[in-house]
Amino acid sequence: VLGRCAKLLYADEGEFDRVQQELTRYGAFAGEVRNITKEGRVFTSFLAASRLMDEEGTLLGSMGVSRDVTQAKRDREAMRESEERYRDLVDNANDLIHSVDGDGKFLFTNNAWKRVLGYTEQEIQQLSVTDILAEESTRQTARKWLAGERSGTVNTPWRSTFLTRDGQIRLFEGSSTVREENGRMILARSIFRDITESHAAQEKLLKHAAKEKALFDSSAHMFWTVDRRIALTSFNKGYQDMILRLH
């Protein structure tokens, strides 16, 4: 290698020329370059180089220090790809996700959160989580929760009504996790889903079932059921009273 042009250490002439151009223009170079081994394996190194001058300013050559950063670069790229996949997953999740700081100010909201609740990015920056809670009692509980007055485990499922931008009150169900430093909450992340319609449908079914039970239990009407053999399987009080009178 000694006595030969350093160009042979670069993966291609373009890499070598790029370094030489910066050395000529600025007198120094610092950055990643693509080198090649004797066996032809291309790897990435970080090079810090500068021109060498004598006391009269005459160019003597160059000197440099380089370090193989191939694995470190791969690790960074893998981390970046992992973060991008996680961000894509969070942004496109059907569940609503938000993070707030210790004062309840929003640090992050995903696309589903913005779509369902309707607030713009600019509005979110001015809001805290207590601003969108629909009930005063829940706001008071949230303030205590943010201050560290928590009962039970942090990730206990909860239900709460939120106020949308257009004034709707919607019911949500979810859970929260907390990060603390020195006993003080610095971040809380919540994942929740809109159960407004399903809760309303469930309430409707329960009311309908209660009406059916009240009607079945009424003594003013007779209700009964039979199986395929025409044998009684159930009956209400009105039918029971009739049976007692006849038999």
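Residue numbers restart at each chain and count upward from 1, following the sequence in its written direction. Totals for whole chains, interfaces and linings use every residue, but because this is a predicted model, local features are given only for residues with pLDDT of at least 70 and side-chain atom pairs only at 80 or more, for both listing and counting. Here the side-chain values reflect all heavy atoms present in the structure, with hydrogen atoms and water set aside.

1. Comments concerning the layout of surface pockets
The rule is simple: put a 1 Å grid over the protein atoms alone, call a set of points where a 1.4 Å probe fits but cannot get out a cavity, call an open set with protein on both sides within 12 Å along at least five of seven lines a pocket, and count a residue as lining if it has an atom within 4 Å of a point. Grid points are joined across faces, edges and corners, and a volume is the space filled by probe spheres set on the points. In this model, the second largest pocket occupies a volume close to 340 Å³. Helix and strand assignments come from DSSP, with helices taken as H or I runs of at least 4 residues and strands as E runs of at least 2, each series counted from the N terminus. At the level of elements, helix 1 (13–26), strand 1 (28–36), strand 2 (42–53) and strand 3 (59–68) are the ones that each hand at least two residues to the lining of the second largest pocket. The class makeup of the residues in the lining of the second largest pocket is 12 nonpolar, 6 polar and no charged. Residue polarity is assigned by list, with Asp, Glu, Lys and Arg as charged and Ala, Val, Leu, Ile, Met, Phe, Trp, Tyr, Cys and Pro as nonpolar; anything else, Gly included, falls into the polar class.

2. A closer look at the pairing of strand 8 (residues 184–194)
A pair of strands is treated as paired once DSSP finds two or more bridges between them. Alignment of strand 4 (residues 96–100) against strand 8, held across 5 bridges, turns out to be antiparallel. Paired with Leu 96 across the bridge in strand 8 is Phe 192. Turn length for the strand 7 (residues 169–181)-strand 8 hairpin, with the two strands adjacent in sequence and antiparallel, is 2 residues, and the turn residue Asn 182 shows positive phi of about 55°.

3. Observations regarding a nonpolar patch on the surface
Side chains of Met 222, Trp 224, Val 226, Ile 230, Leu 232 and Phe 235 sit close together on the surface and give an oily, nonpolar patch of about 610 Å² of accessible area. Where the nonpolar patch is concerned, the elements lending two or more residues are strand 9 (224–226) and strand 10 (232–235). With respect to the helices and strands, Trp 224 occurs in strand 9. Burial here depends on accessible area, computed with a 1.4 Å probe over protein chains only, as a share of the maximum for the residue type. Under 20% is buried, over 50% is exposed, and the range in between is partly exposed. The partly exposed category is assigned to Trp 224, whose relative accessible area is 48%. Residues enter patches when they are more than 30% accessible in relative terms and free of salt bridges; like-charged ones are connected within 9 Å and nonpolar ones (Val, Leu, Ile, Met, Phe, Trp, Tyr) within 5 Å. Method for areas: the Shrake-Rupley scheme with a 1.4 Å probe, in which residue coverage is limited to the protein chains shown. Salt bridge criterion: a side-chain nitrogen from Lys or Arg within 4 Å of a carboxyl oxygen from Asp or Glu.

4. What to know about the sheet that holds strand 8
One open sheet accounts for 5 strands, arranged 5-4-8-7-6; its pairing is antiparallel. With partners counted over all chains shown, the strands left at the sheet margins are strand 5 (106–109) and strand 6 (158–163), one partner each. Averaged over all adjacent pairs, the angle separating strand axes in this sheet is 30°, with direction ignored. The pairing of strand 4 with strand 5 spans 3 bridges and is classified as antiparallel. Interaxial angles span 0 to 180 degrees and are taken between N-to-C directions of axes, which are lines fitted to C-alpha atoms, for helices over the stretch in contact.

5. A word on unusual backbone geometry
A positive phi angle, close to 65°, is found at Ile 230, a residue other than glycine. In this structure, Ile 230 sits in the loop between strand 9 and strand 10.

6. A look at the pattern of salt bridges
This model, assessed by the stated rule, comprises 14 salt bridges. Note that Glu 32 and Lys 73 form a salt bridge whose closest N and O atoms lie 3.4 Å from each other. Of this pair, Glu 32 sits in strand 1 while Lys 73 sits in helix 2 (residues 70–91), and the two are 41 residues apart along the sequence. Of the residues examined, Glu 32 reaches a relative accessible area of 30% and is grouped as partly exposed. One continuous salt-bridge network, built from bridges that share partners, spans Glu 32, Lys 73 and Arg 76.

7. Regarding helix 7 (residues 237–246)
Buried residues of helix 7: Gly 238, Tyr 239 and Met 242, and no others. One face of helix 7 carries all of its buried residues, which in axial projection span an arc of 100°. Throughout, a residue-residue contact means that at least one pair of heavy atoms, one from each residue, lies within 4.5 Å. Buried-residue contacts for helix 7 involve strand 9 and strand 10. It is the directions from the helix axis to the C-beta atoms that the arc portrays.

8. Some thoughts on the side chain of Ser 190
For Ser 190, the location among the structural elements is in strand 8. Judged by its relative accessible area of 7%, Ser 190 is buried. The residues contacting Ser 190, other than those within four sequence positions of it, are Leu 96, Ile 97, His 98, Trp 158, Ser 175 and Ser 176.

9. Let's talk about the packing of aromatic side chains
Pairing of aromatic rings covers Phe, Tyr and the six-membered ring of Trp, with a centre-to-centre limit of 6.5 Å; geometry is then stacked below 30 degrees between planes, edge-to-face above 60, and tilted otherwise. Inspection of every chain in the model, using the stated rule, returns 8 aromatic pairs. Note on Tyr 10 and Phe 16: the rings are 5.5 Å apart at their centroids and 70° apart in plane angle, and the pair reads as edge-to-face. Phe 16 shares its class with Tyr 10; the two are buried. Between Trp 113 and Tyr 119, the aromatic rings sit 6.1 Å apart at their centres with planes inclined by 40°, giving tilted as the arrangement. Take Trp 113: its relative accessible area is 0%, and that puts it in the buried class. Among the aromatic residues, ring-to-ring pairing joins Trp 158, Phe 162, Phe 172 and Phe 192 into one connected group.

Limitation: the analysis is restricted to geometry and does not speak to function.
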